[in-house]
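Spelled out, the chains give:
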Amino acid sequence: MRALLIPFVTLLITLPTTSSQHTALNFGKNPSSYILLPSFTSTQRTSFSVCAWLTRHSNHLDFYQYWISYGVPDSFMEFGISDSGVSYMFGDGMLPRYQWLRVEENHHVCYAWGEGRAVVYYDGVEIGREKTEEGRELITPGTLILGQFVSYSGMENIERFRYFGGEMTGVYIFSGMLTEEEVEEIYRGGRCFDVVSRFGSDNIFISWQDILQLERVGMVKEVEVQCSSRERRSRKYGESGKFGEF
């Protein structure tokens, strides 16, 4: 069944911009909501990073909900990361240490990959890292999607029960591997941090401003959220571990 693509002009609501508010996208508690992003390109084949502010509204999957994933032909689960930090790269999963999520909690999640390793950050703190297949490059093109889990390329490969039921903002995909200090800076800057001015548009593959202009499918709608800066978490996380079924 083909999803109905609702024209962008019917979904965009222009609201006054204030210094204390920021636009987020609420995906609702809906297994059919998503935004299809432009595919990764050759620029991201050897390294990239992706970060976002996430607020869960549904506990249909309390352990993890995949908010971004990337599927390619002939390679199972090329890349994906959940709101709890559970992630995978080239079909190999990573289960980092993290707090159990509750609805309405707001957290910042970053995934940085390059130089043969993947690192996951949660609220500005590294919570896990894994080596990735030596010499392996990201396959392009493929299906890159917000709000859903896709195992291979093509919308027919969305596994809708793994959908993200919540709100996201400040989603940025970088053409390179962010450092721990850079991730912490983004986190401490809060949801309204000017990422483009800080890192430059040449280093950003997809910005939050780009995403707000894309077509939305399902119940995705704009909401306004409060800006706030954050302090670095003092909690120390342990080593990550492998897991099989995810």
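Placed above this text is the structure.
Values in this document were obtained by computation on a predicted structure and should not be read as measured data.

K.L.:
Help me understand the pairing of strand β4 (residues 47-56), please; the structure alone is not making it clear to me.
P.N.:
Two faces belong to every sheet, and in a regular strand the side chains alternate between them. With respect to burial, β4 is a largely interior element, 10 of its 10 residues being buried. Alternating positions in β4 separate into two faces, S47, S49, C51, W53 and T55 on one and F48, V50, A52, L54 and R56 on the other, with burial throughout. Of the strand pairs in this sheet, β4 and strand β13 (residues 166-174) are connected by 7 bridges, and their pairing is antiparallel. Its bridge partner being in β13, C51 is matched across the sheet by Y172.

K.L.:
Would you mind showing me how to read unusual backbone geometry here?
P.N.:
Glycine aside, a negative phi is what most residues show, and trans is what most peptide bonds show. At the junction of T140 and P141, the peptide bond is cis and its omega measures out at -5° in the coordinates. Even without glycine at this site, E104 takes up a positive phi of about 75°. On the secondary structure map, E104 appears in the loop between β8 (92-94) and β9 (106-114). On the accessibility criterion, E104 (52% relative accessible area) is exposed.

K.L.:
Help me out: how do you make sense of the state of the cysteines in this one?
P.N.:
Under the defined criterion, the tally for this structure stands at 2 disulfides. In this model C51 forms its disulfide with C110; the gap between the sulfur atoms is 2.0 Å. Where C51 bonds to C110 through sulfur, the torsion about that S-S bond is close to 115°, and the disulfide is right-handed. Separated by 59 residues along the polypeptide, C51 in strand β4 and C110 in strand β9 bring together distant segments of the chain. You can call C110 buried: its relative accessible area is 1%.

K.L.:
How do you make sense of the packing of aromatic side chains when you look at a structure like this?
P.N.:
Any pair of aromatic rings gets described here by the distance separating the centres and the angle formed by the planes. Here the structure, examined in full by the defined rule, presents 17 aromatic pairs. Between F48 and F79, the ring centres sit 5.0 Å apart and the planes meet at 80°, which makes this aromatic pair edge-to-face. Linking F48 in strand β4 with F79 in strand β6 (residues 75-82), this pair joins segments that are 31 residues apart in sequence. Judged on exposure class, the residue F48 and its partner F79 are both buried. A cation over a ring is seen here: R136 above F90, with NZ or CZ 4.0 Å from the ring centre.

K.L.:
What is the right way to look at the pattern of salt bridges in this model?
P.N.:
A side chain with one charge may pair with a side chain of the opposite charge, provided their charged atoms come close. By the definition in use, this model includes 9 salt bridges. Residues E159 and R162 are paired through a salt bridge, measuring 2.8 Å at the closest nitrogen-oxygen approach. The exposure class of R162 is buried, given its relative accessible area of 12%. One continuous salt-bridge network, built from bridges that share partners, spans E78, E133 and R136.

K.L.:
Is there a simple way to think about the pairing of strand β5 (residues 66-72) in this case?
P.N.:
By the criterion of burial, β5 is predominantly enclosed, with 7 of the 7 residues buried. One ladder, built from 5 bridges, connects β5 with β6; its direction is antiparallel. Residue pairing in the sheet places V72 in a bridge with S75 of β6. Connecting β5 to the antiparallel partner β6 that follows it, the hairpin turn spans 2 residues, and D74 within it adopts a positive phi of roughly 65°. In terms of strand pairing, β5 meets strand β12 (residues 143-146) through 4 bridges, oriented antiparallel. Across the sheet, residue S69 finds its bridge partner in β12, namely I145.

Calculation criteria
- Residues numbered from 1 in each chain as written.
- Predicted model: local features only at pLDDT ≥ 70, side-chain atom pairs only at ≥ 80, totals over all residues.
- Heavy atoms only, no water.
- Buried < 20%, exposed > 50% of the residue type's maximum accessible area, 1.4 Å probe, protein only.
- Helix = DSSP H or I, 4+ residues; strand = E, 2+ residues; numbered from the N terminus.
- Pairing = 2+ DSSP bridges.
- Disulfide = S-S within 2.5 Å.
- Phe/Tyr/Trp six-rings, centres within 6.5 Å; stacked < 30°, edge-to-face > 60°.
- Lys NZ or Arg CZ within 6 Å of the ring centre and 35° of its normal.
- Salt bridge = Lys/Arg side-chain N within 4 Å of Asp/Glu carboxyl O.

That is the geometry; function is a separate question.
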